[in-house]
Amino acid sequence: MAARSALERRGARLTALLLLPTTLWFLVLLIMPLTVVLVFSFGERAPFGGYQAAFTLEQYANLPARLTAFTNTLTLAPLGTFLCLVIAYPLAYYLAVKAGARVKLLLLILVIVPFWTSFLIRTYAWIFILGGGGIPRLLDFIGFEDVRIINTPLAVLIGIVYGYLPLMIFPIYVSLEKLDKRLLEASSDLGGTPLRTFLQVTLPLSLPGLVTGSLLVFILLMGEYLIPALLGGCKVYFVGNALVDLFLQSRNWPFGSAVAIALVVIMLVAIAIYLAAVGRERTRSDTSLV
Amino acid sequence: MSDKKFPDAIDAKEFMYQLRRYQKGSVSRRHFLGVTGLGVATAVMASAVPGLGRSGKAWAASDIGDRVSIATWPNYYNPENYEQFTKMTGADVRISVFGSNEEMLAKLQAGGTGWDVIVPTNYTISTYVELDLFQPLDLARLPNFEESAYIARFIEPGTVGGKVYAVPKNWGTTGFVINRDKLTMTVDSWKTFWDVTRGEASSRVMVHDYQLTTIGNALKYFGYSFNSVDPGELADAEKLLIDSKPHLFAISSDYQPSMRSTDAWMSIAWTGDGLQLHRDMPQIDYVLGKEGGELWSDFYAIPKSAPHLDAAYAFIDFLLDPEVNAKEVAVHGYPSPDNRTTALLPEEMTSDPIMYPAKELLDPLEFGAAVTLTDPLRAEIMARFKSA
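Because the structure is a prediction, the values reported are computed rather than measured.

Reading guide: rules and limits
Sequence order as written defines residue numbering, which begins from 1 separately in each chain. Chain letters start at A and ligand numbers start at 1, both assigned in the order the entries are written. Local features are withheld for residues below a pLDDT of 70 in this predicted model, meaning they are given only at 70 or higher, and side-chain atom pairs are given and counted only at 80 or more; totals for whole chains, interfaces and linings count all residues. Secondary structure elements are taken from DSSP: a helix is a run of H or I of four residues or more, a strand is a run of E of two residues or more, and numbering for both begins at the N terminus. Atoms counted for the radius of gyration: C-alpha only. Globule rule: 2.2 Å times residue count to the power 0.38. Using C-beta atoms placed from the backbone, we call a residue buried if 20 or more other C-beta atoms fall within 10 Å of its own, exposed if 12 or fewer do, and partly exposed for counts in between. Note that contacts rest on C-beta atoms placed from the backbone: two residues are in contact if these are within 7 Å. Take the buried Ala, Val, Leu, Ile, Met, Phe, Trp, Tyr and Cys residues, join any whose C-beta atoms are within 7 Å, and the set you get is a nonpolar core. These domain limits were set by an automatic method or by a database of domain assignments. In short, DSSP must find at least two bridges between two strands for them to pair. In this count, Pro and Cys sit with the nonpolar residues alongside Ala, Val, Leu, Ile, Met, Phe, Trp and Tyr, while Asp, Glu, Lys and Arg are called charged and the others, Gly among them, polar. All axes are obtained by fitting lines to C-alpha atoms, using only the stretch in contact for helices, and the reported angles, taken between N-to-C directions, cover 0 to 180 degrees. If an angle is under 35 degrees, it is roughly parallel; if it is over 145, roughly antiparallel; if it lies from 65 to 115, roughly perpendicular; otherwise it is oblique. In this scheme the handedness of a crossing depends on how the near helix is turned from the far one: anticlockwise by less than a right angle means left-handed, clockwise means right-handed. Per-residue confidence from the prediction method is given by pLDDT, with values spanning 0 to 100. The arc refers to the directions leading from the helix axis to the C-beta atoms.

Undergrad: Looking at this model, I keep getting lost on the overall build of chain A. Mind explaining?
TA: Scanning chain A from N- to C-terminus turns up twelve helices and zero strands. Start at the N end of chain A and walk to the C end: the helices and strands fall as α-α-α-α-α-α-α-α-α-α-α-α. Compactness check: chain A gives a C-alpha radius of gyration of 24 Å against a globular reference of 19 Å for 290 residues, more than 25% above the reference. Oriented by its inertia axes, the alpha-carbon framework of chain A measures out at about 85 × 75 × 35 Å.

Undergrad: Can you help me understand the overall build of chain B in this one?
TA: Each helix and strand counted, chain B has 19 helices and twelve strands in total. Looking at chain B as a whole, 48% of its 388 residues are labelled buried. The contacts of chain B with a sequence gap of at least 6 include a subset with a gap of at least 24, amounting to 76%.

Undergrad: Can you walk me through the interface of chain A and chain B in this structure?
TA: A common measure of how large an interface is: the accessible area buried when the components associate. Between chain A and chain B, the contact holds 28 residues from the first and 28 residues from the second. If you tally residues by element for the side of chain A that touches chain B, the top one is helix 11 (residues 239–248) of chain A, at five residues.

Undergrad: Would you take a moment to explain the nonpolar core for this structure?
TA: It is characteristic of soluble globular proteins that their nonpolar side chains tend to be buried jointly. In this structure, B:Val117 and B:Phe315 are the most contacted members of the largest nonpolar core, which totals 140 residues. Examining the composition of this core, we find that twelve residues originate from one element, helix 7 (residues 153–177) of chain A, more than from any other. Looking at which domains feed residues into this core, each of domain 1 (56–171 + 297–347) and domain 2 (172–296 + 353–387) of chain B supplies at least three. With six residues, the next largest nonpolar core counts B:Tyr150, B:Phe154, B:Ile155 and B:Trp171 among its residues.

Undergrad: Please explain the pairing of strand 6 (residues 166–179) of chain B as it appears in this structure.
TA: Consecutive residues of a regular strand have side chains that alternate between opposite faces of the sheet. All names here are of chain B. The buried fraction of strand 6 amounts to 14 of the 14 residues, a majority that puts the element mostly inside the structure. In this sheet, strand 11 (residues 293–301) lies alongside strand 6 in antiparallel orientation, the contact comprising seven bridges. Residue pairing across strands places Thr174 opposite Glu294, the latter belonging to strand 11. Both strand 6 and strand 9 (residues 266–270) contribute to a ladder of five bridges, which runs antiparallel. Residue pairing across strands places Phe176 opposite Ile268, the latter belonging to strand 9. In this sheet, strand 10 (residues 284–287) lies alongside strand 6 in antiparallel orientation, the contact comprising four bridges.

Undergrad: Would you explain the domain arrangement of chain B in this entry?
TA: Residues and elements named next belong to chain B. For chain B, the domain assignment lists domain 1 (56–171 + 297–347) and domain 2 (172–296 + 353–387). Between the C-alpha centres of domain 1 and domain 2 there is a distance of 26 Å. Those elements that place two or more of their residues in the side of domain 1 that touches domain 2 are helix 5 (101–110), helix 6 (125–130), strand 6 and strand 11. Along the lines of polarity and charge, the residues of the side of domain 1 that touches domain 2 split into six nonpolar, 13 polar and two charged.

Undergrad: For this particular structure, what's the right way to read the packing of helix 7 of chain A against helix 9 (residues 194–222) of chain A?
TA: To describe two helices that pack against each other, one gives the angle between their axes and the distance between the axes. Residue and element names in this part refer to chain A. Contact pair helix 7 / helix 9: the axes reach a minimum separation of 7 Å and the direction vectors enclose 155 degrees. What the angle tells us is that helix 7 and helix 9 run roughly antiparallel. For helix 7 against helix 9, the interelement crossing comes out right-handed. In this structure, helix 7 contributes Ile160, Tyr164, Leu167, Met168, Pro171, Ile172, Val174, Ser175 and Leu176 to the contact, and helix 9 contributes Ser206, Pro208, Gly209, Leu210, Thr212, Gly213, Leu216, Val217, Leu220 and Leu221. Partitioning the contact of helix 7 with helix 9 into residue classes produces 14 nonpolar, five polar and no charged.

Undergrad: Please explain the environment of A:Thr56 as it appears in this structure.
TA: All names here are of chain A. For Thr56, the position within the fold is in the loop between helix 1 (6–40) and helix 2 (58–61). The exposure class assigned to Thr56 is exposed, which follows from the 12 C-beta atoms found within 10 Å. For the pair Thr56 and Arg66, spaced ten residues apart in sequence, the C-alpha to C-alpha distance is 19 Å. Those residues in contact with Thr56 that sit more than four places away from it in its chain are Phe42 and Glu44.

Undergrad: It is not clear to me how the confidence of the model for chain B should be interpreted in this structure. Could you clarify?
TA: The predicted coordinates of low-pLDDT regions are not to be read in fine detail. Residue and element names in this part refer to chain B. Model confidence for chain B is summarised by a mean pLDDT of 88, while 84% of its residues fall at 70 or above. The low-confidence segment residues 42–58 (pLDDT under 50) makes 17 contacts with residues lying over four places distant or belonging to another chain. Scored as a whole, the predicted complex attains pTM 0.82, and scored at its interfaces, ipTM 0.82.

Undergrad: Whenever I open this one, helix 8 (residues 190–197) of chain B confuses me. Can you help?
TA: Owing to its 3.6 residues per turn, the α-helix brings residues three or four apart onto one side. Of the positions making up helix 8 of chain B, those classed as buried are B:Trp190, B:Phe193, B:Trp194, B:Val196 and B:Thr197. Seen end-on, helix 8 of chain B carries its buried residues on one side only, within an arc spanning 165 degrees.

Undergrad: Mind showing me how you'd approach the packing of helix 9 (residues 211–221) of chain B against helix 19 (residues 376–387) of chain B here?
TA: All names here are of chain B. One way to put it is that helix 9 packs onto helix 19 with a least axis distance of 10 Å and a crossing angle of 90 degrees. As far as their axial angle goes, helix 19 and helix 9 are roughly perpendicular. Only Arg378, Ala379, Ile381 and Met382 of helix 19 make contact with helix 9, whose side of the interface consists of Gln211, Thr214 and Ile215. By residue class, the composition of the contact of helix 9 with helix 19 is four nonpolar, two polar and one charged.

Undergrad: Where do I start with unusual backbone geometry in this structure?
TA: Leave glycine aside and you will find that most residues have negative phi; peptide bonds, for their part, are mostly trans. The residue A:Asp146 is not glycine, and still its phi comes out positive at about 55 degrees. Along the chain, A:Asp146 falls in the loop between helix 6 (135–141) and helix 7. Its 9 C-beta neighbours within 10 Å are what place A:Asp146 among the exposed residues. Here B:Asn75, not a glycine, exhibits a phi torsion of approximately 50 degrees, which is positive. Structurally, the position occupied by B:Asn75 is in the loop between strand 1 (67–72) and helix 4 (79–89).

Undergrad: For this particular structure, what's the right way to read the environment of A:Leu76?
TA: For A:Leu76, the location among the structural elements is in helix 3 (residues 67–98). Sequence separation between A:Leu76 and A:Met222 is 146 residues, and the spatial gap between their C-alpha atoms is 8.9 Å.

Undergrad: Can you help me understand the environment of B:Thr89 in this one?
TA: All names here are of chain B. As for its position among the elements, Thr89 is in helix 4. According to the C-beta neighbour criterion, Thr89 is buried, with 25 such atoms within 10 Å. The sequence separation of Thr89 and Ile64 amounts to 25 residues, and the corresponding C-alpha distance is 7.2 Å.

See the structure below:
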């Protein structure tokens, strides 16, 4: 121990120094706010709104009053993530494995270009596409009368897939891009059908991208607020909307904090279950590959 | 800068050089306006515009900063006026639009808004003052505010404890708009409004995302006061709201787009939106419930935290000028409590029944009460209704 060289000590100091910004960042922007939220969640609403110190579990006891918000979020967020996955995978696969250089570039640009316009404006545009003068009008021409899309769960789902698809495409694309094509040839040389090759070679190897993409989309969706507000007309109400209302309309910070803590806990549990399941799957396919 | 009244004309190259220096921050705005002659040009222009260059308006040519930030409501200003203010003073007008007084209050309570001017509604002002969020107004800096020119009941809420904290912007009513091509039955009361919502107009009705009007008009269904905070009466209103929720098209204070596209056929609405919709689509009527409802007045106030105080005063005084004010009213259709402004309006506006409803419709209307803003039960019922 005492024999640690000066060089090692300097290295350790340098590491600490380099980690300082990250540590501060986490401390100031994550740990501290989260602590404040936790403390607030045991407090009371002040007479004019806001927070007043107390120790009560009343806020947590009130959580069932927002049950619909939780069930909406917990249905539509996983469903939206799954739809994004199902739609993104073939596209990412085509981009990474099949497409030629020029087509690939063109398609990648098409995926990126929408980011140049504000998400708010693009979502607002969907109000008109899904409203009575948009898609329902077209459907009316071919005989489907009185179809309502705007302000329904379907509209919210369309908005979710539209908005979050690129976040799913890129991680999957990156993991498929690194795929060694010789493995596919080997599999087929050894008599594997295309389906078997896909299930036992391609899919397991793209699993990291798939997991990253799903987590990225799922975590953001759990806090989603804009899409349900604009395309759901407050009729498809997420926990994010409940939080906005509690802080900006009711000015009930303690209850809002309790809802936020509940959301964080639910999210952590869901992610833990998901990662455990994926981990098991990965171990299983690794052995089967060997 | 110079002892000549007008600086020598400068050539384009010199102008661009000065502009670059100004953009880079090497020289102040005042210096830039001085050497280029733009400052004088602005002042001359201001004095040439009738009604704006009167004596005592030092602000027209003085340096009030580069921006003024206002928190207001949707469809509630004349863009030409705001542009003219920018042209005259160099201060850019930044606009934040809100759907409810609660949200404005919440943002101001949280701090860091950067707002210089805010447009609160009558019933909220005493709470803002109690929370120490507004500054008392220095009326000497608002020469266009002449108290005697205003309808008294619309300016009273601006004064708290003998001090003026807010000067009047507009007044109006809260009724509902109804598309008569789609709904032909008699709908003349809040009773029929909610009944039709759950009947013929199902899935085509919008209500405000705003506790005061949505809960208030649900209370009117039972004949209770618009301002009730009685738990029993509020429970009835909540039941009606939750029963009606599956029949609503949306809960939003931005109802014009949906009424125009006819996705929605009926919506709780304010005077000016009623007028704007009726003007463009005559089949849309604006109706006041015969049981009553809300009568309101909006104000201009300056938050304690206003970063551009000079600009705030200049902007409010500019907007209180009767000629500017009349141009505001002509566009948004909300009546002004200022008799000088009303005198400048065209006949077709001053005789418009949407802007100036008949006395028997106005009489049962109530001003919103301060207690509704802070009552935790009303806030929670609105939130439960939305999350139901």
